[in-house]
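# Reading the structure
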Amino acid sequence: MRPKILIIYTGGTIGMKHDPKSGTLMPFNFLQITQEVPDLQKFDYQLDTLSFEPLVDSSDIMPDFWVQLAETVREHYHLYDGFVVLMGTDTMAYTASALSFMLEDLEKPVILTGSQLPIGILRTDGKENFISAVEIAAAKGPDGRPQVPEVSIFFESQLFRGNRTTKYNAEQFKAFLSPNYPPLAEAGIHIKYNHSFIRYPKSWNRPLKIHTHVCCDLAILKLFPGIQEKTVRGILSIPGLRAIILETYGSGNAPTLSWLIRALQQAIEKGILVYNVSQCYAGSVAMETYATGIRLKEVGVLSGHDITTEAAVAKMILLTGQFSDNKIITEMINQNLRGEITI
Ligand code: ASP
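Rules of the game
Residues numbered from 1 in each chain as written. Predicted model: local features only at pLDDT ≥ 70, side-chain atom pairs only at ≥ 80, totals over all residues. Heavy atoms only, no water. Pairing = 2+ DSSP bridges. Helix = DSSP H or I, 4+ residues; strand = E, 2+ residues; numbered from the N terminus. Axes fitted to C-alpha atoms, helices over the stretch in contact; angles between N-to-C directions. Contact = heavy atoms within 4.5 Å. Core = buried A, V, L, I, M, F, W, Y, C linked by side-chain atoms within 4.5 Å. Buried < 20%, exposed > 50% of the residue type's maximum accessible area, 1.4 Å probe, protein only. Expected span 1.5 Å × (residues − 1). Disulfide = S-S within 2.5 Å. Parallel < 35°, antiparallel > 145°, perpendicular 65-115°, else oblique. Left-handed = near helix turned anticlockwise from the far one by under 90°. Nonpolar A, V, L, I, M, F, W, Y, C, P; charged D, E, K, R; others polar. Near = heavy atom within 4 Å. Polar contact = N/O pair within 3.5 Å; in protein donor to acceptor, adjacent residues only side chain to side chain. Areas by Shrake-Rupley, 256 points an atom, 1.4 Å probe, with all protein chains shown as cover. Salt bridge = Lys/Arg side-chain N within 4 Å of Asp/Glu carboxyl O. Phe/Tyr/Trp six-rings, centres within 6.5 Å; stacked < 30°, edge-to-face > 60°. Lys NZ or Arg CZ within 6 Å of the ring centre and 35° of its normal.

### A short note on the sheet that holds strand 4 (residues 46-51)
- Pairing within the open sheet is mixed, and its eight strands lie in the order 4-1-5-7-8-9-12-13. Edge strands, defined here as strands with exactly one partner in the open sheet, are strand 4 and strand 13 (191-193). Across the sheet, the axes of successive neighbouring strands diverge by a mean angle of 20°, strand direction being ignored.
- Bridge count for strand 5 (residues 82-86) against strand 7 (residues 110-113) is four bridges, and the pairing is parallel. In the strand pairing of strand 7, Val84 is matched with Ile111.
- Its contacts with the sheet place helix 3 (residues 92-102) against strand 7 and strand 8 (151-155), and it is angled at close to 155° to strand 8.

In structure tokens:
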């Protein structure tokens, strides 16, 4: 049977083409995608396309977009072997993280990709990204199971676990990094799958569950030398605030200022979740290593381990959307739900 892949086009640079009349980049009619990328026809796959309306620059993406995307995958789940989502790169790491938490017991590939240069431009990186993402979405192992049944991002020859990625480069074709987790696959002459790093279901044929309740009463508080008490207190007193991502130094450290520890402790006592994520790309929060970290742990700050800020935001938005009980949220925050942390 020919693999069936659903291509979901949502917008972003990849779908733009130079319009000779206006001299600007314009989204092109996506239904002509196989004309733009004729090489796709060489695959013996059934490729169907679905275009979001309106198309969005990914900087405009909000959690309702994640819900729409998760619902789209669910609606078509039984009909396709895999999904390729074409979107802008700016918030792709957030979307990939959110989708990973929304789709529980996923057994099929959902691969996000895009490009730094529009697909209509000669030197585009979009064609290679797109073609390889389609090939990986269709790839099955000798047992007939998908090679990568995860939410992932394909970019510049590498397939990453979506919730481990971060966009770090706005110029080069290599736009994404996965600093704390190895690539799931690499596309050279052959596509090589790193099976030992891919998450496979413990047992197959479980129905897909989706979680679509979101709560955005969240703030990111990034520490910097010189941060003032009024700034911290201002953020912690936002009405309705459920959680903050505390972006700390190094392995989860913060200044030992007594007002800072007191402000965090009071917030935690009020029921605000404080989630410690490092400002460093690589490495892990380990609050017990330094005196500057241990105080945070003592007042009840939660460790983000080696999570990215993008995945921390998505995990918190989904968990606070789903549960009102902080005990449950804390338990789940500490669990490795979709391969987003190393514990
Ligand atoms: N601003 C664009 C977007 O994220 C950039 C891109 O597509 O890479 O939609």
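Back to the text.
### Observations concerning the nonpolar core
- Judged by nonpolar contacts, the single largest core of 54 residues is most densely connected at Leu103, Val110 and Leu112.
- Top element by residues in this core is helix 8 (residues 309-322). It accounts for eight residues.
- Contacts of Leu112, omitting those with residues within four sequence positions, involve Val85, Met87, Met92, Thr95, Ala96, Leu99, Val151, Ser152, Ile153 and Phe154.
- Counting residues in each nonpolar core, the second largest holds 29 residues, with Phe28, Ile111, Leu184 and Ala185 among its members.

### Points about helix 6 (residues 258-269)
- Compared with the 16 Å implied by 1.5 Å per residue over twelve residues, the 16 Å span of helix 6 between its first and last C-alpha is a close match.
- Those residues of helix 6 that sit buried are Trp259, Leu260, Ile261, Ala263, Leu264 and Ala267.
- Among the structural elements, helix 5 (229-236), strand 16 (243-248), strand 17 (273-278) and helix 7 (291-298) are those in contact with the buried residues of helix 6.
- Taken from the residues just after helix 6, Gly271 is the one with a positive phi, measuring 105°.

### Things to note about the state of the cysteines
- Enumeration over the complete set of coordinates arrives at zero disulfides.
- Distance from the sulfur of Cys216, which forms no disulfide, to the nearest cysteine sulfur (Cys215) is 6.5 Å.

### Describing the packing of helix 2 (residues 63-76) against helix 3
- Axis separation between helix 2 and helix 3 bottoms out at 10 Å; the angle between their running directions is 55°. In terms of orientation, helix 2 and helix 3 fall into the oblique class. The chirality of how helix 2 crosses helix 3 is right-handed. Together, Phe65, Trp66, Val67, Leu69 and Ala70 of helix 2 and Tyr94, Thr95, Ala98, Leu99 and Met102 of helix 3 make up the contact between the two elements.
- Per-class residue counts for the contact of helix 2 with helix 3 are nine nonpolar, one polar and no charged.

### Here we look at the sheet that holds strand 16
- Strand order across the open sheet formed by four strands is 15-16-17-18, with parallel pairing between neighbours. Both outer strands of the open sheet, strand 15 (218-222) and strand 18 (302-303), are each paired with one neighbouring strand and no more.
- For strand 16 and strand 17, the ladder comprises six bridges, and the chain directions are parallel. Following the sheet pairing, Thr248 is matched in strand 17 by Ser278.
- Where helix 8 meets the sheet, it contacts strand 15, strand 16 and strand 17, and its direction lies at approximately 160° from that of strand 17.

### What to know about the site of the ligand
- In the region of the ligand, the neighbouring residues are Gly12, Thr13, Asp57, Ser58, Gly88, Thr89, Asp90 and Ser115.
- A distance of 2.8 Å is found between an oxygen atom of the ligand and a backbone nitrogen or oxygen belonging to Thr13.
- Relative to its unbound accessible surface of 270 Å², the ligand loses 88% to contact with the protein.
- Of the residues in the shell around the ligand, the class split is no nonpolar, six polar and two charged.

### Description of the pattern of salt bridges
- Under the definition given, this model contains 15 salt bridges.
- The residue Asp44 makes a salt bridge to Arg2 at a minimum N-O spacing of 3.8 Å. Taken together, the positions of Asp44 in the loop between helix 1 (33-36) and strand 4 and Arg2 in the segment before strand 1 (4-9) put the pair 42 residues apart, joining distant regions of the chain.
- The class of Asp44 is exposed, set by a relative accessible area of 54%.

### Some words on the packing of aromatic side chains
- According to the stated counting rule, one finds six aromatic pairs in the structure shown.
- Arranged with centres 6.5 Å apart and planes meeting at 0°, the rings of Tyr77 and Phe83 form a pair that is stacked.
- Overall, Tyr77 belongs to the buried group, its relative accessible area being 12%.
- On the basis of relative accessible area, Phe83 is assigned to the buried category, the value being 0%.
- Following the ring pairs from residue to residue traces out a cluster consisting of Tyr77, Tyr80 and Phe83.
- It is Lys108 that lies over the ring of Tyr77; its NZ or CZ is 4.9 Å from the centre.

All quantities given are derived from atomic positions and should not be read as evidence of function.
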